[in-house]
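Each chain, written out:
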Amino acid sequence: MKSHNRTGEDNADAHMKRQIMGREVVVAITDDKLDFGPWEQIFYGEFDGRRPKRVLVKVIGE
């Protein structure tokens, strides 16, 4: 048994879904607003149950 699974968790599918969905998104900001195209949106998907989460926002540029 791998050490990751010694906690009794059975969440391999959550890890695989996260690999497919990705972990981050880059969005331009124009005139102090998120610069989305007409069909663009940001969705958050949680596949590993309810756990404490954190969100990191990094602003690069001027």
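Residues numbered from 1 in each chain as written. Predicted model: local features only at pLDDT ≥ 70, side-chain atom pairs only at ≥ 80, totals over all residues. Heavy atoms only, no water.

> Can you help me understand unusual backbone geometry in this one?
Outside of glycine, negative phi angles account for most residues, and trans bonds account for most peptide bonds. Of note, the phi angle at Asp31 is positive, near 55°, even though the residue is not glycine. Following the sequence through the fold, Asp31 ends up in the loop between β1 (29–30) and β2 (33–34). For Asp32, which is not a glycine, the phi torsion comes out positive at approximately 65°. Along the polypeptide, Asp32 turns up in the loop between β1 and β2. (Helix = DSSP H or I, 4+ residues; strand = E, 2+ residues; numbered from the N terminus.)

> Where do I start with the pattern of salt bridges in this structure?
Working definition: two side chains of opposite charge can pair if their charged atoms are close together. Using the criterion set out here, one finds 2 salt bridges in the structure. As a salt-bridge pair, Lys17 and Asp13 come within 3.7 Å of each other at their nearest N and O atoms. Of this pair, Lys17 and Asp13 both sit in helix α1 (residues 12–21), 4 residues apart, roughly one helical turn. You can call Asp13 partly exposed: its relative accessible area is 41%. Residue Lys53 pairs with Glu46 through a salt bridge whose shortest N-O separation is 3.6 Å. On the accessibility criterion, Glu46 (35% relative accessible area) is partly exposed. (Salt bridge = Lys/Arg side-chain N within 4 Å of Asp/Glu carboxyl O. Buried < 20%, exposed > 50% of the residue type's maximum accessible area, 1.4 Å probe, protein only.)

> I'm lost on a nonpolar patch on the surface in this one. Help?
On the surface, a cluster of nonpolar side chains totalling about 460 Å² of accessible area is made up of Val25, Ile29, Leu34, Phe36 and Ile42. Checked against the element boundaries, Val25 lands in the loop between α1 and β1. For Val25, a relative accessible area of 54% puts it in the exposed group. (Patch = residues over 30% accessible without salt bridge, like charges linked within 9 Å, V, L, I, M, F, W, Y side chains within 5 Å. Areas by Shrake-Rupley, 256 points an atom, 1.4 Å probe, with all protein chains shown as cover.)

> What am I meant to see in the environment of Val27 here?
Relative to the assigned elements, Val27 resides in the loop between α1 and β1. Sequence separation between Val27 and Glu40 is 13 residues, and the spatial gap between their C-alpha atoms is 10.0 Å. In this view, Val27 contacts Leu34, Asp35, Phe36 and Ile42; residues no more than four positions away in its chain are not counted. (Contact = heavy atoms within 4.5 Å.)

Read these as geometric descriptors, not functional statements.
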